[in-house]
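# Coordinate analysis (summary)
Each chain is listed here by its residues.
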Amino acid sequence: MLRTKTIADEESDDMRRIKKVQSLCRGWLYRRRWKRIVKEYIESPQAVNLRKRNRIVFELVEKEGEYLSQLEILVSNFLRPFKMAASSTKPPVTHEEINCIFLNSEILLFLHQIFYKGLVKKLDNWPTLFVGDIFDFLLPVLVVYQEYVRNHHYSLQILTELKSKSPDFRALLKRYEEKPKCEGRTLDVWLTYPMHQIPRYILLLHQLITYTSQHSTNELKCLENAKSKLEELSKVKNISSSSS
């Protein structure tokens, strides 16, 4: 009786070993198969396009953040201090001249604060990053850019005349331009940054459209519409030449 039990125990141990080996083999085969599936997906055209598209979206968000910082400096470091100076007892510049130089700058800052916040929020949906509807917000207010673009040459002309005729204005401008946040860049440069933005959007939209799936019909429609509207705006006098 004791001998029979021992043989049964040995058989039971053998079965456990066999089952363990089988389990290890199945696990190895499963992991191998899963790695193959993952590798095939990663190297598939759809996945490659998705990664390229997401990199473009990340670049869009990064560049928008940089542009927003530029607008903030233009408004906080130049426009608002000049407005205060124009209200002083001996103003080195008039409110009318300030309005001519900085036409729509504060409105652009406000719009892009909202636009940037919307773009950042879209990153929560990674890895599926659809941003076409965010441009729908920007398109109706392109008239603000049209006015800025048409006024840009006149803006620089007024600035040049003020620097030429008013020592007080030159001194004040020099003080503002020498602030560390300006990094040695003059007001002329800060006023030109909005002229670069529309061509940058057009380029990024073109790249996004290239890597957007044809099945994402709503996203494609929004992106193509935005690109078309921005290309129309880019034809306004000075915008292309100023951004080159």
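Residues numbered from 1 in each chain as written. Predicted model: local features only at pLDDT ≥ 70, side-chain atom pairs only at ≥ 80, totals over all residues. Heavy atoms only, no water.

The next point concerns the overall build of the chain. When its secondary structure is counted, the chain shows 10 helices and 0 strands. Seen in sequence order, the chain has helices and strands lined up from the N terminus as α-α-α-α-α-α-α-α-α-α. For the chain, with 244 residues in total, the buried portion stands at 39%. Sequence-distant contacts in the chain: of pairs separated by 6 or more residues, those separated by 24 or more amount to 76%. When the accessible area of the chain is evaluated, it comes to approximately 15,100 Å², of which 57% is carbon and sulfur surface. (Helix = DSSP H or I, 4+ residues; strand = E, 2+ residues; numbered from the N terminus. Buried < 20%, exposed > 50% of the residue type's maximum accessible area, 1.4 Å probe, protein only. Contact = heavy atoms within 4.5 Å. Areas by Shrake-Rupley, 256 points an atom, 1.4 Å probe, with all protein chains shown as cover.)

So, about the environment of L103. With respect to the helices, strands and loops of the structure, L103 is situated in the loop between α3 (95-101) and α4 (105-122). Counting along the chain gives 46 residues from L103 to V149, while the straight-line C-alpha distance between them is 9.6 Å. The residues touching L103, leaving out its near neighbours within four places in the chain, are E147, Y148 and N151.

Moving on, we get to the pattern of salt bridges. Tallying each qualifying case throughout the model produces 11 salt bridges. One salt bridge connects K174 with E178, and the closest N-O pair in it is separated by 2.5 Å. On the basis of relative accessibility, which here comes to 52%, the residue E178 falls in the exposed class. As a salt-bridge pair, E183 and R185 come within 2.3 Å of each other at their nearest N and O atoms. E183 sits in the exposed class, given a relative accessible area of 60%. (Salt bridge = Lys/Arg side-chain N within 4 Å of Asp/Glu carboxyl O.)

For the rest of this paragraph, the subject is the packing of helix α8 (residues 187-210) against helix α9 (residues 217-234). The geometry of α8 relative to α9 is characterised by a closest axis approach of 9 Å and an angle of 150° between their N-to-C directions. In this view, α8 runs roughly antiparallel relative to α9, as classed from their interaxial angle. α8 and α9 meet at a crossing whose hand is left-handed. Contact with α8, carried on its side by I198, Y201, I202, L205, H206, L208 and I209, involves L220, L223, E224, A226, K227, L230, E231, L233 and S234 of α9 and no other residues of that element. (Axes fitted to C-alpha atoms, helices over the stretch in contact; angles between N-to-C directions. Parallel < 35°, antiparallel > 145°, perpendicular 65-115°, else oblique. Left-handed = near helix turned anticlockwise from the far one by under 90°.)

This brings us to the confidence of the model for the chain. Looking at the chain as a whole, the pLDDT averages 84, with 78% of positions reaching at least 70. Taken as a whole, residues 240-244 scores under 50 in pLDDT and shows 8 contacts with residues more than four places along the chain or in a different chain. (pLDDT = per-residue confidence, 0-100.)

Counting residues in hydrophobic clusters, the biggest one holds 61 residues, and the most contacted among them are F78, F82, F102, L187, L191 and Y201. Secondary structure elements with two or more residues in this core: α2 (45-86), α3, α4, α5 (132-138), α6 (142-165), α7 (167-177), α8 and α9. Among the elements that make up this core, the one with the highest residue count is α2 (15 residues). Among all residues touching F102, those that are not within four sequence positions of it are L74, F78, L79, F82, L187 and L191. (Core = buried A, V, L, I, M, F, W, Y, C linked by side-chain atoms within 4.5 Å.)

Let us look at α9. The first and last C-alpha atoms of α9 sit 26 Å apart over 18 residues, in line with the 26 Å expected at 1.5 Å per residue. Those residues of α9 not exposed but buried are E219, L220, C222, L223, A226, K227, L230, L233 and S234. Take α9 and look down its axis: the buried residues cluster within an arc of 165°, on one side only. Exposed and oriented more than 90 degrees from the buried face of α9 are T217, N218 and K221. (Expected span 1.5 Å × (residues − 1). Arc of directions from axis to C-beta.)

Inspection of the entire model under this criterion finds 8 aromatic pairs. Ring geometry for F82 versus F169: centroids 5.0 Å apart, planes at 15°, classification stacked. With F82 in helix α2 and F169 in helix α7, the pair connects residues that are 87 residues apart, well separated along the chain. The buried category is assigned to F82, whose relative accessible area is 1%. A residue is classified by how much of its surface remains accessible, and F169, at 0% relative accessible area, is buried. Summarising the aromatic geometry, the rings of F135 and Y201 are spaced 5.7 Å apart at their centres and angled 90° between planes, so their arrangement reads as edge-to-face. Taken together, the positions of F135 in helix α5 and Y201 in helix α8 put the pair 66 residues apart, joining distant regions of the chain. With respect to class, F135 is no different from Y201; both count as buried. (Phe/Tyr/Trp six-rings, centres within 6.5 Å; stacked < 30°, edge-to-face > 60°.)

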